[in-house]
Structure formats: structure tokens, C-alpha cells
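The residues making up each chain are set out below.
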Amino acid sequence: MSADVRGCSGSVREKLPPEIRSVFARISLFLVCLLSSTAQAEKPNILFIAIDDQNDWIGHLGGHPLAKTPHLDALAERGTTFLNAHCNAPLCNPSRTSLLIGLRPTTTGIYGLSPWFRTVPGFEDRVSLPQHFAAAGYETLAVGKIFHTGSGAPGAAGKGKGKGKANQGATAPEGPVEFQVRGPNPAVGVKPSKKLIPPAPMGDHPAMDWGVFPHKDEDKGDYQVASWAIEKIEASQPDKPFFLATGFFLPHVPCYATQKWFDLYPDDDSVLPGIKRDDRDDTPRFSWYLHWSLPEPRLKWVEENQQWRNLVRSYLACTSFVDAQIGRVLDALEKKGIADNTIVVVWGDHGWHLGEKGITGKNTLWDRGTKVPLIFAGPGVSGGQRCTQPAELMDIYPTLIELAGVATRDDLEGLSLVPQLREAATKRERPAITSHNQGNHGVRSENWRYIRYADGSEELYDMRKDPQEWTNLASDPAFAEVIAEHKKWLPKVDLPPAPNSASRVLTYDAATDEAIWEGVTVKRGDPIPE
């Protein structure tokens, strides 16, 4: 505050009697607090919504013609939706870490479900997105799955069932607190007494399950997540802006739904996605290495066990259920009267295959594995926009900084999307880049997808003519210039896996032409696991 605002200069104040100086001090403190409160009240709230394993099977995105998501569709109409948004890694931990600390997986070496980023040398004190907003005066709250392990480090407080209590100031074993207030992370919630599907191959993982069984929506973890978020919105104060992160578990497996959501989708083959039976004939063998041996079954197994339709209906039903929970949270903003001063961003952490390319699950560099919903609405965002420019989840961090008007950072690898939020047609030069383990990268521009694997094999798809990526053009000399243009965007920094990396980690030794998948050597002649 300037001397003029304080009413007199420091030298003049020193000549005043002590009681007068005391009055001036109290007035100055009052004005500082008043101006600070006014500034805080003018800051927009942020509602930060994550959906686990959510691909583009969202109504307005058109990924599946039958998808019913009225609340997300209405939010997109109120704001800007990105039709060409992609994760920076097609797996939960590296994708969420990249988004929340603003760095590529190739910069950190975090590619697997482990490690927690604060255990990686050089990133112990990295300022995460919620920490940055806490430093700007926001109350930061989280419920459900935000980081891979919930609202913070493995073992951090906030997990468990029920509504959970605010947990302020606690320190997680692996480092500082990410959120000031942490709610429960109930995951899927209620489960059937035994699995609903036959034993799945490659280990019969307990998460490999889906379908309908008698239970109530209120017993589901995501219903509890929404309820906790609603309570915090209702209790929010106008003089304290909030950053409320709300993470939904479904449609992640096990994806159970109640009957009413299942009944939204027909019990016939019209619900199945389009596939090409020989789709993998023109993809490199190395593409299999990215999902060599995983709990998620192949298309062959779900067909042979009459589970394909059941899985697809379960995924769609859970997507519609989560949409309804998001609707409940958005309604709470309206009822509180703060919707107009709240920036809402909704994102999925990566895509999910449901038979396309002969597999189910994630861990691929095709659109089905990388493309996600990304919707912004609220102050500073133009309404009714559909943007086809490539966007990355890593762009969320700098975008929220600019929209909220908080201190900028010069150590983020993402680029602000504010130009597109104002005018969707604004061009972006940089494509979206997805990496899955060292040396494997997908480059997605507005019209093309280019993939390069660690052994040098390649794929190229014309997304205008071939949106399902059925025809690999990489071997056609006519497209050499297109490949060269996309190849220049491959990450210049491409670190090997960080210390203590585990789960879905792949390395490649060019000298022996051997890959190591989760500690097991894979040779060229080895049969592809089924």
C-alpha cells in the first residue's frame, strides 16, 4: 500500500503522538484486509472434475452413437469442448502426474503405475497444480481419484468409505500435502458377493468384472464422491475461493451398474463398436509390446465368453451414471448461486478400448487409447464452442492459471488453451503428444496421427478419411513429407523409467532387439499372449 493511501508519509507519522500512530496502523490494517478480501472474493472458484478410463463415448463427442450424457452435453453447450483432446500417457499414474505437475512423462520418467512422483529425485518439491492454487489463496479440496492413489501420496489420509472428515495440515509419508482438505476415495463402492463374469485370462485380476447386480446408486463410490463435493459447495464462503477436485472412478473396471442405467442401452449387437477383423495385420509387432500381457482381456476372449456386449453396455451404463453424478454437482453450484463465478473443467485421464484393435483396456497410442473428453465452462470461456485443434491434458495447468488470474509459472510444458477458449478456431501449431514408456510416442495433429515405436517402426493415419485408424499409411512414400512434419515433434527429452518404476513398464534394447515387459524378456518370435 502506498504512503498516499496510508494518509501520510512515514516521516510525518513518526512525529505524531503514539495514540495517533496507533489509529493509523489500525486503519492501514483494516484497508489491507478489506482489499485482500475483495481480491479473494473476485477470484473465480474452480471445479476440477476427473473421470477415470473415460474415452470419447460422450454424447456430444460422437465416440459412440448411443452414448447418453445429457449433463456433460449441457456443460459443453455452456462452454467450450475439445473434440481433439488427448492424454500425455495412456495409463492412470503417468497421465495424472503429467497433468498435475505440468511435465511430460518423458521428462520425469514416470510411465508405470509406480512410482509416486515425489519419490523421484529432482521432483520431491515440485509444485503441483493444487499447491499452486493454495499459494494463491485458494482453499484446495479433493475427493475420490485425482492422483492415481486418490488425493495424494500412497497411504495419504482421505481414503475409505463414507463422507470423510476434512483433514487439514496432514503430511503424507512421501512428501507434502497436495490438497488442504481431503475426502474419501471409495473407488467402485459396493460389489457383488462373487465375480459376475467367467475367470479372465492372464491372471483373472479381481478388477476384471462388469455387469448388473442388485444394489442402489447411493451405495456406489461415485455417488458418495458427488455427495461430498456437494456438501463442500454448500458450505463454501464468498470470501474464500475454492479449488474443488472431484474424481470419479467409473467407468473404470470393475464397472457395475444398476438396472436403470443398463436399460438405457439395447441388449443387441447394435451397441457394439465397429471393428475390422484384420485390423492388426498392418500394425507393427511392437504395438503389441505396449500391452503385451495385461489383466484386460483380448477381444477374442470377450467374444468367446459372450461378454463383449455385456462389457460395452456396462461401460456405457457407468458413463451415464457418472454423468448423472456430475449433474448433481453442477446443480449444487447453481443452487448456491456461484455457477457464474466458477470455472468448471472436466477431463478423462485416458481412453479405453472395447474391442477395437482386438483388445480391451488402455495402453495404446491410437485415438481410442488417447482421446478424452475435455470441457471448460465459466468465466473467460466462450459458450457453444467445439474446438478441433489438438489439445493435451498437460495444457490444463497453464490454462487454469490464466483463467483464474493467479501467478504464472515458467516451468510448465503445457500451453494455455485460453486462446481457443475465447475463439475455438484459433490455430495451435503444436500437436498433442502421447508417450507410453521410453521411445514410444503418438503425435496427433488436427488431421493426422503418427506413431513411432522404440524399435523405429511407424504408423500413420489420415484421421479425416480413416477416423477408426484401419489403414496404416506409414509405408507409402507418398506420405513421407507428412511423417517428417510430425516426426519433428517427437520429445527431445525421452528419459528411461524412473527409479522404482513398476506395473506396465516396457524397455527395449536395440542391440539385441529384445523388449523387457515387466521384467520378462520378449523376443521377436514369441507368441502374442491371448
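1. Regarding the sheet that holds strand β18 (residues 458-462)
(1) Moving on: Reading across the sheet, the four strands line up as β15-β16-β17-β18 and stay open at both edges, with antiparallel pairing between neighbours. Either end of the sheet is taken by a strand with one partner, and the two such strands are β15 (432-435) and β18. Each neighbouring strand pair of the sheet contributes to a mean axis angle of 10°, computed without reference to strand direction.
(2) Moving on: Taken together, the four bridges between strand β16 (residues 441-444) and strand β17 (residues 448-452) define a ladder with antiparallel strand orientation. Bridging across to β17, G442 finds its partner in I451.

2. Quick notes on the sheet that holds strand β19 (residues 506-509)
(1) Moving on: Strand order in the open sheet formed by three strands is β19-β20-β21, with antiparallel pairing between adjacent strands. This sheet does not close on itself; its edge strands, each paired only once, are β19 and β21 (520-522). Looking at each pair of strands side by side, their axes are set apart by 25° on average, direction ignored.
(2) Moving on: Direction of pairing for strand β20 (residues 514-517) relative to β21: antiparallel, over a ladder of three bridges.

3. Brief notes about unusual backbone geometry
(1) Moving on: The omega torsion across S114 and P115 is 10°, close enough to zero to call that bond cis.
(2) Moving on: Along the chain, the position of P115 falls in the loop between α6 (105-108) and α7 (129-135).
(3) Moving on: The omega torsion across L250 and P251 is 10°, close enough to zero to call that bond cis.
(4) Moving on: Position of P251 relative to the elements: it lies in the loop between β7 (242-248) and β8 (255-257).
(5) Moving on: Within the chain, R504 stands out as a residue other than glycine whose phi angle is a positive 70°.
(6) Moving on: Summarising the element assignment, R504 is placed in the loop between α16 (480-487) and β19.
(7) Moving on: Non-glycine residue D513 carries a positive phi angle of around 55°.
(8) Moving on: With respect to the helices and strands, the residue D513 is situated in the loop between β19 and β20.
(9) Moving on: For D513, a relative accessible area of 25% corresponds to the partly exposed category.

4. Notes on the packing of aromatic side chains
(1) Moving on: Using the criterion set out here, one finds 19 aromatic pairs in the structure.
(2) Moving on: Relative to F117, the ring of W116 lies with its centre 4.8 Å away and its plane at 55°, an arrangement referred to as tilted.
(3) Moving on: Summarising the aromatic geometry, the rings of F213 and Y256 are spaced 5.3 Å apart at their centres and angled 90° between planes, so their arrangement reads as edge-to-face. You can see F213 sitting in the loop between β6 (210-212) and α8 (221-235) and its partner Y256 sitting in strand β8, a full 43 residues away along the chain. We note that F213, like Y256, is buried.

5. Quick look at the side chain of E356
(1) Moving on: Here E356 shows up in the loop between β10 (353-354) and β11 (360-361).
(2) Moving on: Judged by relative accessible area, which is 11%, E356 ranks as buried.
(3) Moving on: Here L354 takes part through its backbone nitrogen, which lies 2.6 Å from a polar atom of the side chain of E356.
(4) Moving on: Beyond its immediate stretch of four places on either side in the chain, E356 contacts W57, P273, G274, I275 and R368.

6. Quick word on the pairing of strand β1 (residues 45-51)
(1) Moving on: With seven of seven residues buried, β1 lies mostly within the body of the structure.
(2) Moving on: Neither face of β1 is left uncovered, since the one carrying N45, L47, I49 and I51 and the one carrying I46, F48 and A50 both have all their residues buried.
(3) Moving on: As judged from the seven bridges shared by β1 and strand β9 (residues 342-348), these two strands associate in the parallel manner. Pairing of F48 across the sheet is with V345, part of β9.
(4) Moving on: Two elements, β1 and β7, share six bridges in a ladder whose sense is parallel. Counted as the bridge partner of I49 is T246 from β7.

7. What to know about α8
(1) Moving on: Compared with the 21 Å implied by 1.5 Å per residue over 15 residues, the 21 Å span of α8 between its first and last C-alpha is a close match.
(2) Moving on: Those residues of α8 that fall on the buried side of the exposure criterion are G221, D222, V225, A226, S227, W228, A229, I230 and I233.
(3) Moving on: Summarising the contacts, the buried residues of α8 are in contact with β4 (139-144), β5 (181-182), β7 and α12 (308-336).

8. Observations regarding the environment of G337
(1) Moving on: Checked against the element boundaries, G337 lands in the loop between α12 and β9.
(2) Moving on: C-alpha separation for the pair G337 and E234, spaced 103 residues apart in sequence, amounts to 9.9 Å.

9. Side note on the side chain of T106
(1) Moving on: As for its position among the elements, T106 is in helix α6.
(2) Moving on: Judged by relative accessible area, T106 falls into the buried class, the value being 0%.
(3) Moving on: Reaching out from T106, the side chain makes a polar contact with the backbone oxygen of V493 at a distance of 3.3 Å.
(4) Moving on: The residues touching T106, leaving out its near neighbours within four places in the chain, are Y111, S435, H441, P491, V493, D494 and L495.

10. Digging into the environment of V346
(1) Moving on: When you line up the elements, V346 lands in strand β9.
(2) Moving on: Between the alpha carbons of V346 and F376 there is a distance of 6.7 Å; along the sequence they are 30 residues apart.

11. Digging into the pattern of salt bridges
(1) Moving on: The final tally for this structure, using the stated rule, is 35 salt bridges.
(2) Moving on: We note a salt bridge from R96 to D349, for which the minimum N-O separation is 2.9 Å. Remark: D349 occurs in the loop between β9 and β10 and R96 occurs in helix α5 (residues 92-101); sequence separation between them is 253 residues. D349 carries the same exposure label as R96, and that label is buried.
(3) Moving on: Put simply, R430 and E392 hold a salt bridge, and the shortest N to O gap is 3.0 Å.

12. Some words on helix α4 (residues 70-78)
Side chains three or four residues apart in an α-helix point the same way, a direct result of the helix having 3.6 residues per turn.
(1) Moving on: Listing the buried residues of α4 in full gives L72, L75 and A76. Viewed along the axis of α4, the buried residues span an arc of 100°, placing them on a single side of the element. Residues P70 and E77 are exposed on α4 and point more than 90 degrees away from its buried face.
(2) Moving on: The inward-facing, buried residues of α4 abut β1, β2 (80-82), α12, β9, β12 (374-377) and β13 (385-387).

Definitions and cut-offs
In this convention, every chain numbers its residues from 1, walking through the sequence in written order. In view of the model being predicted, local features appear only for residues whose pLDDT reaches at least 70, and side-chain atom pairs are presented and counted only at 80 or more, with totals across whole chains, interfaces and linings using the full set of residues. The basis for the side-chain values is all heavy atoms of the structure; hydrogens and waters are excluded. The criterion for strand pairing is that DSSP finds at least two bridges linking the strands in question. A run of DSSP states H or I qualifies as a helix once it reaches four residues; a run of E qualifies as a strand once it reaches two. Both are numbered from the N-terminal end. Under this scheme, a helix contributes an axis fitted over its contacting stretch, all axes are lines through C-alpha atoms, and angles between N-to-C directions fall in the 0 to 180 degree range. Buried residues are those whose accessible area, probed at 1.4 Å on protein chains only, stays under 20% of the maximum for their type, while exposed residues exceed 50% and partly exposed ones sit between those limits. Two rings from Phe, Tyr or Trp (for Trp, the six-membered ring) form a pair when their centres sit within 6.5 Å of each other. Planes less than 30 degrees apart are called stacked, planes more than 60 degrees apart edge-to-face, and all others tilted. We call two N or O atoms a polar contact when they sit within 3.5 Å, provided that within protein one can donate a hydrogen and the other can accept it, with sequence-adjacent residues counted only if both atoms are side-chain atoms. Contacts are assigned to residue pairs that have any heavy atoms within 4.5 Å of one another. Multiplying 1.5 Å by the helix residue count minus one yields the expected span of that helix. Every case where a carboxyl oxygen of Asp or Glu lies within 4 Å of a side-chain nitrogen of Lys or Arg is listed as a salt bridge. Directions are taken from the helix axis to each C-beta atom, and the arc is the one they span.

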